[in-house]
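Results of the structural survey
Single-letter residue listing:
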Amino acid sequence: MKRRSLVAMLAALPLAAHAQPADWQTVVGPDLRFRLEMPAPVNKTSAGEKEKGHAGERVAWASKRNGEMFDFDYVDYEPGWFSAKNSKEMARDLGRGEAEKAFPRNKFKYVLDEPVTLQGWDGYALDIADHEDALVMMRTYIVKDRLYRLLVTAKNDEDSRAAANRFLASLRLAETRS
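Calculation rules
Residues numbered from 1 in each chain as written. Predicted model: local features only at pLDDT ≥ 70, side-chain atom pairs only at ≥ 80, totals over all residues. Heavy atoms only, no water. Helix = DSSP H or I, 4+ residues; strand = E, 2+ residues; numbered from the N terminus. Buried < 20%, exposed > 50% of the residue type's maximum accessible area, 1.4 Å probe, protein only. Contact = heavy atoms within 4.5 Å. Areas by Shrake-Rupley, 256 points an atom, 1.4 Å probe, with all protein chains shown as cover. Pairing = 2+ DSSP bridges. Axes fitted to C-alpha atoms, helices over the stretch in contact; angles between N-to-C directions. pLDDT = per-residue confidence, 0-100. Phe/Tyr/Trp six-rings, centres within 6.5 Å; stacked < 30°, edge-to-face > 60°. Lys NZ or Arg CZ within 6 Å of the ring centre and 35° of its normal. Polar contact = N/O pair within 3.5 Å; in protein donor to acceptor, adjacent residues only side chain to side chain. Core = buried A, V, L, I, M, F, W, Y, C linked by side-chain atoms within 4.5 Å.

A word on the overall build of the chain
Of the regular secondary structure elements, the chain holds four helices and 10 strands. Taken from the N to the C terminus, the helices and strands of the chain come in the order α-β-β-β-β-β-α-α-β-β-β-β-α-β. When each of the 178 residues of the chain is scored for burial, the buried share is 39%. Pairs at least 24 residues apart make up 48% of the contacts formed inside the chain by residues separated by at least 6 positions. Accessible area for the chain stands at about 10,600 Å²; split by element, carbon and sulfur atoms hold 54% of it.

Laid out in structure tokens, this is it:
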């Protein structure tokens, strides 16, 4: 009997090691094309108004942890909107967007401002610090004709930065680009 208990405990160890803390929640896309982790509770919204090129509504998730914001959204664009263009340039333009106006370089420090990839898809990373080194971290990814955006704020402390990085690194896509 002891041997069976020991085997059962050893078999359960990998499950326990990968168990998600109760204060984090996995968000899975309704079409199963992505998943990510966000602090619980997570609120889902959708915006019916469409901007130029949108083929569908914008779907967003938001949560807060210790006063910090965690936002994720995606929107599908008309066929060919991104895929017919240079996705590196589009990711940069969309990733920086209005940030340069909202966060002028003479008042904020651009800590990270560079192209990135996720599973082979083009994206853009933009991290901006204020005078107290609190961060706004943004990631934008283009996957075929879908735009994914992540935005998180982080205070200048280890716990806050770790949570922000966990959120940004958790996005996984069902599709990879070879």
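A few points about the sheet that holds strand β1 (residues 24-28)
The strand order across the open sheet formed by three strands is β1-β2-β10, and the pairing between neighbours is antiparallel. The open sheet has two edge strands, β1 and β10 (172-173), and neither has a second partner. Relative to strand β2 (residues 34-39), β1 is paired through five bridges, and the arrangement is antiparallel. In the strand pairing of β2, V27 is matched with L36.

Details of the sheet that holds strand β7 (residues 121-129)
Taken in spatial order, the seven strands line up as β3-β4-β5-β9-β8-β7-β6 in an open sheet, and their pairing is antiparallel. One side of each edge strand has no neighbouring strand; the edge strands of this open sheet are β3 (43-47) and β6 (109-118). If you compare each strand with its neighbour and ignore which way they point, the axes differ by 15° on average. In the sheet, strand β8 (residues 135-143) pairs with strand β9 (residues 146-154) via nine bridges, with the strands oriented antiparallel. Its bridge partner lying in β9, R139 is registered against L150. Helix-sheet contacts for helix α2 (residues 87-96) involve β6, β7, β8 and β9, and the interaxial angle to β7 is about 25°. Contacts from helix α4 (residues 158-169) reach β4 (58-65), β5 (68-76), β8 and β9, with the element oriented near 170° to β9.

Here we look at the confidence of the model for the chain
It should be kept in mind that the predicted coordinates are not to be read in detail where pLDDT is low. Summing up the model confidence of the chain, the mean pLDDT is 87 and the portion of residues at 70 or higher is 87%. In the predicted structure, residues 1-20 sits below a pLDDT of 50 and forms four contacts with residues beyond four places in sequence or in another chain.

Quick look at the packing of aromatic side chains
A complete count under the given rule lists 13 aromatic pairs for this structure. With a centroid separation of 5.6 Å and an interplanar angle of 75°, the aromatic rings of F34 and W61 are classed as edge-to-face. Taken together, the positions of F34 in strand β2 and W61 in strand β4 put the pair 27 residues apart, joining distant regions of the chain. By the burial criterion, F34 is buried, and W61 matches it. Following the ring pairs from residue to residue traces out a cluster consisting of F34, W61, F72, Y74 and Y148. Here K85 stacks its cationic end above the ring of W81, 4.8 Å away from the centre of that ring.

With respect to α2
Every buried residue of α2 is listed here: S87, M90, A91, G95 and R96. The inward-facing, buried residues of α2 contact α3 (99-102), β6, β7 and β8. Of the residues flanking the start of α2, the one acting as N-cap is N86, its side-chain oxygen 2.9 Å from the backbone nitrogen of K88. One or two positions beyond α2, positive phi appears at G97, with a value near 35°.

Brief notes about the nonpolar core
Counting residues in each nonpolar core, the largest one holds 28 residues, and the members touching the most others are F34, L36, M38, W61, F72, F167 and L171. Among the secondary structure elements, those contributing two or more residues to this core are β1, β2, β4, β5, β7, β8, β9 and α4.

Notes on the side chain of R139
Within the secondary structure layout, R139 lies in strand β8. A relative accessible area of 10% means that R139 is categorised as buried. At 2.6 Å, the side chain of R139 forms a polar contact with the side chain of D127. Residues in contact with R139, not counting those within four places in the same chain, are L112, Y124, A125, L126, D127, Y148, R149, L150 and L168.

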